[in-house]
Amino acid sequence: MRFDVLTLFPEMFSGYLGQSLLKRAVDAGIVNVQIHNIRDWAQGKHRQVDDRPFGGGPGMVLRPEPVVESVENVQQQGDRPGHLVLLTPQGRQLNQRIVEQLANHHRLLLICGRYEGIDQRAIDLMQPDEISIGDYILGGGEVAAMVVLDAVARLVPGVLGDEESNKQDSFSGDPPLLEFAQYTRPREYRGLQVPEVLMSGNHPDIARWREEQKLNRTRERRADLLGEDPAERRSDV
Ligand code: ADE
């Protein structure tokens, strides 16, 4: 699978791409990640990518030309244009179902917004799939693009190594359930024991215990995933 990221801050990706699970996948040739600097398509002596908003107001808006032209150019660099995603708090909210849909594409182009936003005409012309990673405002779309990249890449066959761990993950089933609690050695830590059933060697019992855990945890923590009213919860705010 190929990912193209269009950003004004390409350096932000080097740490992540140099360390993660993704690096292994890139080295193995399973995924191809290309980072592009939108500024390379800016015009004029000063290569200005942003400007003040018409109508007034704070902040700067990304001009349409470098955004549209970088996307058009990058699309031509592959053998297919790919699915265009714009990371923006105005988009539909990412979840595992959307991650699975995105992973069905052979190529994704991820556009990272900045400043107060992108000139609406660029969005109207390109009609990207607008995606938000949650109801909060980030400094830009870069961190959100890394979230999408990370979540989608681990669904690409061969990236995880152990394909089973995908299916066991939280949110992967229908209805999506949280994962069961995991334990490893030692058997006792500071007086806390590993649940007996996990040491029983009885695999049907273990499977039953895990299924129960998934359901109970989901009901306690995320009843909304089951279409139920959320349980009374202590509020942290
Ligand atoms: N850019 C700024 N905030 C964002 C968010 N919550 N999701 C995606 N892109 C963003």
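Residues numbered from 1 in each chain as written. Predicted model: local features only at pLDDT ≥ 70, side-chain atom pairs only at ≥ 80, totals over all residues. Heavy atoms only, no water.

> Report on the overall build of the protein, specifying residues and quantitative values.
When helices and strands are counted, the protein shows eight helices and nine strands. Principal axes of the C-alpha set define a box for the protein whose edges measure 70 × 45 × 35 Å. With 237 residues in all, the protein has 38% of them scored as buried. Sequence-distant contacts in the protein: of pairs separated by 6 or more residues, those separated by 24 or more amount to 72%. Split by element, the accessible area of the protein, about 14,500 Å² in all, is 48% carbon and sulfur. (Helix = DSSP H or I, 4+ residues; strand = E, 2+ residues; numbered from the N terminus. Buried < 20%, exposed > 50% of the residue type's maximum accessible area, 1.4 Å probe, protein only. Contact = heavy atoms within 4.5 Å. Areas by Shrake-Rupley, 256 points an atom, 1.4 Å probe, with all protein chains shown as cover.)

> Please give an account of the domain arrangement of the protein that cites residues and values.
By domain assignment, the protein separates into domain 1 (2-153) and domain 2 (170-236). Just the C-alpha atoms count here: the centres of domain 1 and domain 2 sit 36 Å apart. (Domains from an automatic or database assignment.)

> Report on a nonpolar patch on the surface, specifying residues and quantitative values.
Nonpolar side chains collect at one region of the surface, where Met12, Tyr136, Leu138, Val143 and Val147 lie side by side and expose about 380 Å² of accessible area between them. With respect to the secondary-structure elements, Tyr136 resides in the loop between β7 (129-132) and α6 (142-153). (Patch = residues over 30% accessible without salt bridge, like charges linked within 9 Å, V, L, I, M, F, W, Y side chains within 5 Å. Salt bridge = Lys/Arg side-chain N within 4 Å of Asp/Glu carboxyl O.)

> Got a sec to walk through the site of the ligand? Specific residues and values, please.
Around the ligand, the neighbouring residues are Leu87, Thr88, Pro89, Ile131, Ser132, Ile133, Gly134, Tyr136, Ile137, Leu138, Gly140 and Ala144. At 3.1 Å from a nitrogen atom of the ligand is found a main-chain nitrogen or oxygen belonging to Gly134. Between Tyr136 and the ligand, the recorded distance is 2.8 Å, taken from a backbone N or O atom to a nitrogen atom. Out of a free accessible area of 260 Å², the ligand has 96% covered by protein chains. Looking at which element gives the most residues to the shell around the ligand, the answer is strand β5 (residues 83-93), with three residues. Among the residues making up the shell around the ligand, the classes are represented as eight nonpolar, four polar and no charged. (Near = heavy atom within 4 Å. Polar contact = N/O pair within 3.5 Å; in protein donor to acceptor, adjacent residues only side chain to side chain. Nonpolar A, V, L, I, M, F, W, Y, C, P; charged D, E, K, R; others polar.)

> Residues and numbers for α6, please.
Spanning 12 residues, α6 covers 16 Å between terminal C-alpha atoms, matching the ideal 16 Å at 1.5 Å per step. Judged by how many residues are buried, α6 sits mostly within the fold: nine of 12 residues are covered. Within α6, burial applies to Glu142, Ala144, Ala145, Met146, Val148, Leu149, Ala151, Val152 and Ala153. (Expected span 1.5 Å × (residues − 1).)

> Quick rundown of the environment of Gly78? Include the residues and the values.
Relative to the assigned elements, Gly78 resides in the loop between α3 (64-76) and β5. The class for Gly78 is partly exposed, based on a relative accessible area of 25%. For the pair formed by Gly78 and Arg2, sequence separation is 76 residues and the distance between their alpha carbons is 8.9 Å. With sequence-adjacent residues up to four places away left out, Gly78 is seen in contact with Arg2 and Arg107.

> Outline the environment of Leu62, listing residues and values.
Tracing the sequence through the fold places Leu62 in strand β4 (residues 61-62). Setting aside anything within four residues of it in sequence, one finds Leu62 in contact with Leu8, Val49, Asp50, Val67, Arg114, Tyr115, Gly117, Ile118 and Asp119.

> How would you explain the pattern of salt bridges if you had to name every residue and give the values?
Applying the stated criterion across every chain yields a total of 13 salt bridges. A salt bridge links Arg92 to Asp129; the shortest N-O distance between them is 2.9 Å. Taken as a pair, Arg92 in strand β5 and Asp129 in strand β7 lie far apart in primary sequence, 37 residues in all. Between Asp224 and Arg222 there is a salt bridge, with its nearest N and O atoms 2.9 Å apart. Residue Asp224 is classed as partly exposed on the basis of its relative accessible area of 43%. Given a relative accessible area of 29%, Arg222 falls into the partly exposed group. One network of salt bridges, with partners in common, ties together Arg2, Asp4 and Arg107.

> Tell me about the environment of Gln96, residues and numbers included.
With respect to the helices and strands, the residue Gln96 is situated in helix α4 (residues 96-103). The spatial distance from the C-alpha of Gln96 to the C-alpha of Gly82 is 20 Å, given a sequence separation of 14 residues. Setting aside its immediate chain neighbours within four residues, Gln96 contacts Leu155 and Phe171.

> A description of the sheet that holds β5 should follow, citing residues and the corresponding values.
Hydrogen bonds between backbone groups are what pair the strands of a sheet, and the pairing can be parallel or antiparallel. Strands sit in the order β2-β1-β6-β5-β7 across an open sheet of five strands; the sheet is parallel. Of all strands in the sheet, those bounded by a partner on one side alone are β2 (32-37) and β7. Each neighbouring strand pair of the sheet contributes to a mean axis angle of 30°, computed without reference to strand direction. With five bridges connecting them, β5 and β7 associate as parallel partners. When the bridges of β7 are listed, Leu87 appears paired with Ile131. Packed on one face of the sheet, helix α1 (residues 12-19) meets β1 (2-7), β2 and β6 (107-112) and runs near 170° to β2. Along the sheet, α6 makes contact with β1, β2, β5 and β6, crossing β6 at roughly 160°. (Pairing = 2+ DSSP bridges. Axes fitted to C-alpha atoms, helices over the stretch in contact; angles between N-to-C directions.)

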